[in-house]
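# Architecture at a glance
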Amino acid sequence: MSFLANFFNKPAQPERYKLVASLNAYSGSVHALAISNDGHILASSGTEGIKFWDVQSRKELTCSPHECRGTVSCAVWATTRQTTAEMLCYGTGLGYIVFVRRSLIDKTFQEICARRLGSGFEITCLSWHSSADGNIRIAVGTRDKMVQVLILNANLQLQSVFAVQLETTIPKSVAFTDSRDIYVFGLYDGNFMKLNEEGNVIKEINCQSVIGHAAVHQKHGVFVIDNAIDGFTLYRLEGEGESVRTFTTAVPSMSVPKQVVFGEEGKVVIGGSDNGLVYVFDRKTGQIIQTLRHADVGLVQTITGRDLDGRCTITSASPGPGRRKTTIKMWAYDYAAQKVPESPLKNHWSLLSILMILTQLLALLVMSVFLLVNYKDRFFDTAVNHLQYVTSATAANDFSRHVKAAMMFEDYSGIKTEGRTKGHATGDIRLLQELADKLMELARAGGEIDEDEHQEDYDNEGAKVNYLVAPEQQG
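Residues numbered from 1 in each chain as written. Predicted model: local features only at pLDDT ≥ 70, side-chain atom pairs only at ≥ 80, totals over all residues. Heavy atoms only, no water.

### Overview of the overall build of the protein
Convention followed: Helix and strand assignments come from DSSP, with helices taken as H or I runs of at least 4 residues and strands as E runs of at least 2, each series counted from the N terminus. Only protein chains enter the accessibility calculation, which uses a 1.4 Å probe. A residue is then buried if its area is under 20% of the maximum for its type, exposed if over 50%, and partly exposed in between. Between two residues, a contact is recorded if the distance between any of their heavy atoms is within 4.5 Å. The method behind every accessible area is Shrake-Rupley, applied with a 1.4 Å probe, and residues are considered shielded solely by the protein chains displayed.
Helix and strand counts for the protein come out as four helices and 30 strands. Considering the protein as a whole, with its 475 residues, one finds that 42% of them fall into the buried category. Counting contacts in the protein only where the partners sit at least 6 residues apart, residues at least 24 apart contribute 46% of the total. For the protein, the accessible surface area stands at approximately 26,600 Å², while carbon and sulfur atoms represent 54% of it.

See the structure below:
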């Protein structure tokens with residue numbers, strides 16, 4: 001990406017994300033957006049509580065009245081391995097963690113569990129993990145430097161796994177590892193920590209900047225943070241604090257946290273701004289792929305994304321000026337449709353392809369055995385006849401060449417023959433030529449040469465002629 005492209009925030013490639021929806025939520029700020037794991041429902045939350053939207057119809061869904069527990073600060077969708085029913089878990093500024101699920105009867109969203117944690121400090125971040133036993137593990141960070149893990153069991157009751165207070169770090173983002181350890185990202189000190197299942201710190205590095213928000217991509221082994229200075233910075237999970245690259249945006253006019261997420265299966269980095277834009281970067285090159293115009297000006301602080309069936313959906317929110325309603329916009333891109341199928345030669349052998357090849361080889365072997373058992377005599381006779389034909393044709397050709405050589409010798413040699421001797425020699429040669437021609441004719445016709453059949457013949461008047469006797473010796 002050239003300097004001018006960065007300066008004017010122009011995309012390096014043709015636009016691919018298309019605006020698919022624009023929703024007017026409510027007055028006030030939206031602090032959290034979350035798209036359900038099946039991609040059907042969007043939850044927006046902030047100073048005015050929670051609202052749910054049908055992604056396809058763009059219509060607001062009904063939510064049963066429940067007690068207001070403060071401004072909603074964060075939200076995630078969670079589901080168990082035993083059921084496909086999803087529930088929304090959200091945290092509030094008064095320290096409440098709340099679970100909401102859609103009723104199968106009247107289709108309204110109802111509160112199923114709520115608890116105030118600790119001393120009631122703001123819940124700053126949430127993450128979830130589905131356990132093999134069917135329970136949901138929830139990692140929670142709070143403003144008083146606490147990190148704790150809870151389990152929501154099958155009876156919809158919360159159980160504590162551990163709670164640990166960090167020394168200087170206020171957790172801004174948390175994420176589970178594949179082994180149920182926890183990554184923690186500090187807001188002001190820029191610390192990145194890894195906690196084991198007992199809550200012990202087993203790794204700690206410093207990112208050399210504040211962390212406005214963070215996202216983790218386990219498959220690629222990386223995480224990205226909002227550095228609150230000039231954009232977003234990428235790091236390796238197993239690194240020692242050295243950055244991989246920075247995704248540069250326009251210089252912010254104010255230092256405020258902006259959310260950042262991965263998209264397109266980790267191929268792009270998506271983040272907000274304070275100039276009305278949503279940035280989409282190429283993760284490997286750091287170039288701007290596209291800028292999405294959320295508003296002409298102002299803070300775009302809240303971002304979320306969801307990959308589902310080869311489609312990446314980006315959702316953003318920002319407060320309207322004055323008392324106007326908050327605008328939520330959704331963009332989508334079908335990235336799977338742009339993939340070029342790999343050549344079959346590049347694919348590894350699959351079990352199915354190996355079985356197909358073995359089946360074909362077995363069928364060929366069975367067919368060969370069947371033909372050999374049932375038609376071996378015919379094959380043998382055909383081979384013998386062909387050999388006889390080739391042998392007879394070769395012999396006839398050789399004999400014909402010798403006769404023609406004799407005739408040429410007689411015609412062109414300097415030897416003088418007179419009277420009866422000359423006639424006898426010429427007659428012998430002519431008889432040999434006729435016999436050779438007959439042999440060639442039979443050979444070409446594919447017939448068998450029988451010695452008894454061709455030792456004698458008849459002249460034009462029907463008299464038997466023996467070609468092996470000279471004409472002057474006949475009758």
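### Description of the confidence of the model for the protein
Formally: Confidence of the predictor at the level of single residues is given by pLDDT, which spans 0 to 100.
Summarising the model, the protein shows a mean pLDDT of 80, and 71% of its residues fall at 70 or more. Looking at the elements of the protein, mean pLDDT is at its lowest for helix H4 (residues 451-454), recorded as 42, and at its highest for strand S23 (residues 268-271), recorded as 98. This model gives residues 1-12 a pLDDT under 50, and the stretch forms 19 contacts once residues within four places in sequence are excluded. In the model, residues 342-348 has pLDDT below 50 throughout and makes one contact with residues more than four positions away in sequence or in other chains.

### Re the side chain of Ser127
Summarising the element assignment, Ser127 is placed in strand S10 (residues 123-130). Given the relative accessible area of 11%, Ser127 is considered buried. Once residues lying within four places of it in the same chain are set aside, the contact partners of Ser127 are Arg137, Ile138, Ala139, Val174, Ala175 and Phe176.

### Details of the pattern of salt bridges
The criterion, for reference: Note on definitions: salt bridges are taken to be side-chain nitrogens of Lys or Arg within 4 Å of carboxyl oxygens of Asp or Glu.
In the structure shown here, the tally under the stated rule is eight salt bridges. In this structure, Arg16 engages Glu264 in a salt bridge whose closest nitrogen and oxygen atoms are separated by 3.6 Å. Placement of Arg16 in the loop between helix H1 (3-8) and strand S1 (18-27) and of Glu264 in the loop between strand S22 (260-263) and S23 is noted, with a sequence separation of 248 residues between them. Residue Glu264 is classed as buried on the basis of its relative accessible area, which comes to 4%. Between Asp334 and Arg311 there is a salt bridge, and its shortest N-O distance comes to 2.9 Å. With a gap of 23 residues between them, Asp334 in the loop between strand S28 (325-333) and helix H2 (351-412) and Arg311 in strand S27 (residues 311-318) connect regions that are remote in the sequence. With relative accessibility at 37%, the residue Asp334 sits in the partly exposed group.

### Here's the deal with the packing of aromatic side chains
Put simply, the test is: Under the pairing criterion, centres of Phe, Tyr and Trp rings, with the six-membered ring standing for Trp, must be within 6.5 Å; the plane angle then separates stacked pairs below 30 degrees from edge-to-face pairs above 60, leaving the rest tilted.
Scanning all chains against the criterion turns up eleven aromatic pairs. Ring geometry for Phe232 versus Phe281: centroids 6.4 Å apart, planes at 70°, classification edge-to-face. With Phe232 in strand S20 (residues 231-236) and Phe281 in strand S24 (residues 277-282), the pair connects residues that are 49 residues apart, well separated along the chain. Ring centres of Tyr279 and Phe281 lie 5.7 Å apart, and the angle between their planes is 10°; on these two criteria the pair is classed as stacked.

### Points about unusual backbone geometry
The phi dihedral of Lys107 is positive, around 65°, even though this residue is not glycine. Tracing the sequence through the fold places Lys107 in the loop between strand S8 (96-102) and strand S9 (109-116). Judged by its relative accessible area of 44%, Lys107 falls in the partly exposed class. Despite not being glycine, Glu264 has its phi angle at roughly 55°, a positive value.

### Here we look at the sheet that holds strand S11 (residues 136-142)
So the rule is basically this: The criterion for strand pairing is that DSSP finds at least two bridges linking the strands in question. Lines fitted to the C-alpha atoms define the axes, with helices restricted to the stretch that makes contact. Angles between their N-to-C directions range from 0 to 180 degrees.
The antiparallel open sheet is built from four strands, whose spatial order is S10-S11-S12-S13. Strands at the two margins of the open sheet, each flanked by one partner only, are S10 and strand S13 (158-165). On average, each strand axis in the sheet is inclined to that of its neighbour by 20°, with strand direction left out of account. As paired elements, strand S12 (residues 146-152) and S13 share seven bridges and run antiparallel to each other. The partner of Met146 across the bridge, within S13, is Gln165.

### Focus on the pairing of S22
On a regular strand, one side chain projects to one face of the sheet and the next to the other, so that they alternate. Of the two faces of S22, the one holding Val260 and Phe262 and the one holding Val261 and Gly263 are both buried throughout. As paired strands, S22 and S23 are joined by four bridges and run antiparallel to one another. Counted as the bridge partner of Val260 is Gly271 from S23. Connecting S22 to the antiparallel partner S23 that follows it, the hairpin turn spans four residues, and Glu264 within it adopts a positive phi of roughly 55°.

### Details of the sheet that holds strand S6 (residues 72-78)
Strand order in the open sheet formed by four strands is S6-S7-S8-S9, and the pairing between neighbours is antiparallel. A single partner strand is all that each edge strand has here, and the edge strands are S6 and S9. Strand after strand, the sheet turns through a mean of 20° between neighbouring axes, direction not considered. Across seven bridges, S8 lies against S9 in antiparallel orientation. Of the residues in S9, the one forming a bridge with Arg101 is Gln110.

### Here's the deal with the nonpolar core
Just so we agree on the cut-off: Take the buried residues of types Ala, Val, Leu, Ile, Met, Phe, Trp, Tyr and Cys, join any two whose side-chain atoms come within 4.5 Å, and each joined set is a nonpolar core.
Membership of the largest hydrophobic core comes to 17 residues, with the highest contact counts inside it found for Ile97, Phe99, Leu126, Ile138 and Val140. When residues no more than four places from it in sequence are discounted, the contact partners of Phe99 are Met87, Leu88, Cys89, Gln110, Glu111, Ile112, Cys113, Ile138, Leu152 and Leu158. If you look at the next biggest cluster of nonpolar residues, it comprises 16 residues, including Ile50, Ala75, Tyr90 and Val98.

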